[in-house]
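# Structural description and commentary
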Amino acid sequence: MKTLPTLLLVSLLGTALPGSAQNKPAIEADPFVKNPENAAAPKKADYRPMANCMLVLEVYSLDKNAALALLESGTGSSARYQQTMELAKNGKARLEILTALNSKSGQRGTLESIKEVRYPNGFTASADKSRRATPKNYETRNVGDTLEFVVALSPKGETCQVDLAPEHVGRKMGALGDDFSKPHFSEQKTSTSISFPVNAIHYLGTLTPASDYGAFNDDQETWLAFIRVNVTEPGVDQLKPPVKPLDRSALNLEYSFYSLERAAAREILIGASKIDGPWEALQTLIGEKKARFEHVVSLQGKSGQHTITEEMHEVSYTVQYEDKPAILEPINRASTTQARNDAPKADSKNPTETAPGDRGIMNSGMPEIIEKRNVGLTVDAEPIIAADGLTLSVNHIIGSVMLSTDLKSLVPATGSPTQPMFETRRLATPQTLLTGHKMLIGTFSPTDAGSLNKRADTDRTWLVFVRATPSEP
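The following paragraphs examine the structure supplied in this document. (Residues numbered from 1 in each chain as written. Predicted model: local features only at pLDDT ≥ 70, side-chain atom pairs only at ≥ 80, totals over all residues. Heavy atoms only, no water.)

### What to know about the overall build of the protein
Within the protein, the regular secondary structure consists of 6 helices and 17 strands. In the protein, which comprises 473 residues, the share counted as buried stands at 45%. When the accessible surface of the protein is summed, it comes to about 25,600 Å², and 52% of that surface belongs to carbon and sulfur atoms. (Helix = DSSP H or I, 4+ residues; strand = E, 2+ residues; numbered from the N terminus. Buried < 20%, exposed > 50% of the residue type's maximum accessible area, 1.4 Å probe, protein only. Areas by Shrake-Rupley, 256 points an atom, 1.4 Å probe, with all protein chains shown as cover.)

### Quick word on the state of the cysteines
Taken as a whole, this structure holds 0 disulfides when the rule is applied. Here C53 is not disulfide-linked; the sulfur of C160 is the nearest cysteine sulfur, at 7.2 Å. For C53, a relative accessible area of 0% corresponds to the buried category. (Disulfide = S-S within 2.5 Å.)

### Comments concerning unusual backbone geometry
At N199, a position not held by glycine, the phi torsion is positive, near 60°. Residue position: N199 is located in the loop between strand 7 (192–197) and strand 8 (201–206). Judged by its relative accessible area of 42%, N199 falls in the partly exposed class. Located in the positive-phi region is K289, a residue other than glycine, with phi close to 60°. Among the structural elements, K289 can be located in the loop between helix 5 (277–287) and strand 11 (291–301).

### Observations concerning the packing of aromatic side chains
Applying the stated criterion to the full structure yields 8 aromatic pairs. A centroid spacing of 5.7 Å and a plane angle of 70° characterise the contact between Y258 and W279, whose relative ring orientation is edge-to-face. Residue Y258 is located in strand 10 (residues 251–261), and its partner W279 is located in helix 5; the two are separated by 21 residues in the primary sequence. Grouping aromatic residues by their ring pairs yields a cluster made of Y60, Y81, Y203 and F226. (Phe/Tyr/Trp six-rings, centres within 6.5 Å; stacked < 30°, edge-to-face > 60°.)

### Looking at the pairing of strand 16 (residues 439–443)
The element strand 16 is largely enclosed, with a buried count of 5 among its 5 residues. Across 4 bridges, the pairing between strand 16 and strand 17 (residues 460–470) is antiparallel. Following the sheet pairing, T443 is matched in strand 17 by L463. (Pairing = 2+ DSSP bridges.)

### Concerning the environment of L251
With respect to the secondary-structure elements, L251 resides in strand 10. Given a relative accessible area of 1%, L251 falls into the buried group. Along the primary structure L251 and A468 are separated by 217 residues, whereas in three dimensions their C-alpha atoms are 7.2 Å apart. Each residue touching L251, except ones within four places of it in the same chain, is listed here: L246, L299, Q300, G301, P383, L392, A468, T469 and S471. (Contact = heavy atoms within 4.5 Å.)

### Section: the environment of L392
For L392, the position within the fold is in strand 14 (residues 391–407). According to the relative accessible area criterion, L392 is buried, its value standing at 1%. As a C-alpha pair, L392 and T432 span 40 residues in sequence and 5.7 Å in three-dimensional space. Not counting chain neighbours up to four residues away, the residues in contact with L392 comprise L246, L251, P383, I384, I385, A386, Q431, T432, L433 and A468.

### So, the nonpolar core
Core analysis: the largest hydrophobic core is formed by 50 residues, its most contacted members being V162, Y255, F257 and I398. Of all the elements, strand 9 (residues 221–232) adds the most residues to this core, at 5 residues. Each residue touching F257, except ones within four places of it in the same chain, is listed here: R292, F293, E294, H295, V297, L377, I398, F444, W462, L463 and V464. Formed by 29 residues, the second largest nonpolar core is a distinct cluster that contains L62, A100, L260 and A265. (Core = buried A, V, L, I, M, F, W, Y, C linked by side-chain atoms within 4.5 Å.)

### Brief notes about the side chain of S303
One can find S303 in the loop between strand 11 and strand 12 (307–321). Judged by relative accessible area, S303 falls into the buried class, the value being 9%. A distance of 3.1 Å separates a polar atom in the side chain of S303 from the backbone nitrogen of I385. (Polar contact = N/O pair within 3.5 Å; in protein donor to acceptor, adjacent residues only side chain to side chain.)

### A look at the pattern of salt bridges
Think of it this way: side chains of opposite charge can pair up when their charged atoms draw near. Scanning the entire structure with this criterion turns up 13 salt bridges. Across the pair R373 and E116 runs a salt bridge whose closest N-O atoms are separated by 2.8 Å. A residue pair is termed long-range when its members are at least 10 positions apart, and R373 in strand 13 (residues 367–385) and E116 in strand 3 (residues 108–124) qualify at 257 residues. One salt bridge in this structure joins R425 and E423, with 2.9 Å as the shortest N-O distance. Residue R425 is classed as buried on the basis of its relative accessible area of 5%. Sharing partners across several salt bridges, the network here consists of E58, R228, R266 and E267. (Salt bridge = Lys/Arg side-chain N within 4 Å of Asp/Glu carboxyl O.)

### Some words on helix 3 (residues 77–89)
The end-to-end C-alpha separation of helix 3 is 18 Å, in line with the 18 Å expected for 13 residues at 1.5 Å each. Among the structural elements, strand 1 (52–63), helix 2 (64–72), strand 2 (93–104), strand 8, strand 9 and helix 4 (262–270) are those in contact with the buried residues of helix 3. (Expected span 1.5 Å × (residues − 1).)

### Topic: the side chain of E382
Along the polypeptide, E382 turns up in strand 13. For the buried E382, no salt bridge is present, and the opposite-charge side chain at shortest range is K104, 11 Å distant. (Lys, Arg positive; Asp, Glu negative; His and termini not counted.)

### Points about the environment of D276
Turning to its location among the elements, D276 is positioned in the loop between helix 4 and helix 5. Counting along the chain gives 161 residues from D276 to H437, while the straight-line C-alpha distance between them is 7.0 Å. When neighbours within four sequence positions are excluded, D276 is seen to be in contact with Q238, H437 and K438. For D276, the side chain forms a polar contact with the side chain of H437, separated by 3.0 Å.

### Considerations on the pairing of strand 9
Within strand 9, 11 of the 12 residues are buried, which leaves the element mostly enclosed by the surrounding structure. Bridge count for strand 1 against strand 9 is 12 bridges, and the pairing is antiparallel. Bridge assignment links M54 to a residue of strand 9, and that residue is N230. Examined bridge by bridge, strand 8 and strand 9 share 5 bridges and lie antiparallel to one another. The residue bridging T206 from the neighbouring strand is L224, located in strand 9.

Take a look at the structure:
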């Protein structure tokens, strides 16, 4: 048997071997793409609907007798919700809490809107027994709303299971008879797991604040909570292969913030069944001057890497005073003025008087411990571009800290210093984005720092949108 020449055999084997380095360029490995060879030219069959789940929580307060009649009249979530809407329309129910956040099926989303209430928990006795003690150090309690949840869609996407834990903490002034009154806090919290159809309202239960003396509410109010999960998906025409796929090494993320009245925000949130729906509805309200632009943040990054931007201002404040309060000596303004003008000093028959604000006062001693706090906005994003070059998964972490006001002493006490009140808004959630589209992330609203049932904010809700676009050279 004759054998092929060695040179011819090597030539044939080289032709048969796939991926020869001589006739095929090497492809740089990307850990976020399972098949990098197909990343540049995705097939139409590779596109699948996105499964973003927008959870919306609505809590309404109404008269407890009306709430009892509503709950006993039927058991259906839709019927209870419609009756609540009628009461709200007639001014007999109030939307107390409106919270919403987009997340991916099976993954955790968290949202908080709180204010930090600082109150004294230690005092320094006065050297003068006729004077009150002064605060020495302080504790902090968060008041406001927090929400943690996981939405898991069924295989067909018709129903969902939701594990969630909403919480609301309120604050009231302490008893006026106390020399150093601490604030009274009230906590409303539930933790549950439920299943219901998507894109439909579901009754969650009561979330009623307790009275000052226990479970029964003297103000005769009951709070009812409802939730819904809207699954937002792009249309078929939006899933066409992109003219210019996303560049894995250069990506732009743009976050924009808008505020509007709570009732108008609710209409946008409950109708969020398409990815462009909330943005289009917002544009109508902006044109009618019923919504306003608040802020924008733009950051550059690349697939698989954290991208962080911070806009910060440093605030210093005292958290503890030394244990040596002092009484300031009275200041005789009249004698000071006379001395400056070389005028005769007053004698015992014509004494000078001290101005009311110049009498001896007690201070809290010299600051002993001073802390610093950064106030401003932080955006942390980790985008992962899909092989189709059109969609990407992003883990958003957006936090805002504001110095809203100085929290004055609860009881007018001479020498009691004011304390800063910081307001924190934060969301953390994963989301699938469609490049070039303004997509809603969720709410980013201020919270109530006042009493349990009376809101101190202006009834405005903030909405956060994000858009992902390729970076141009």
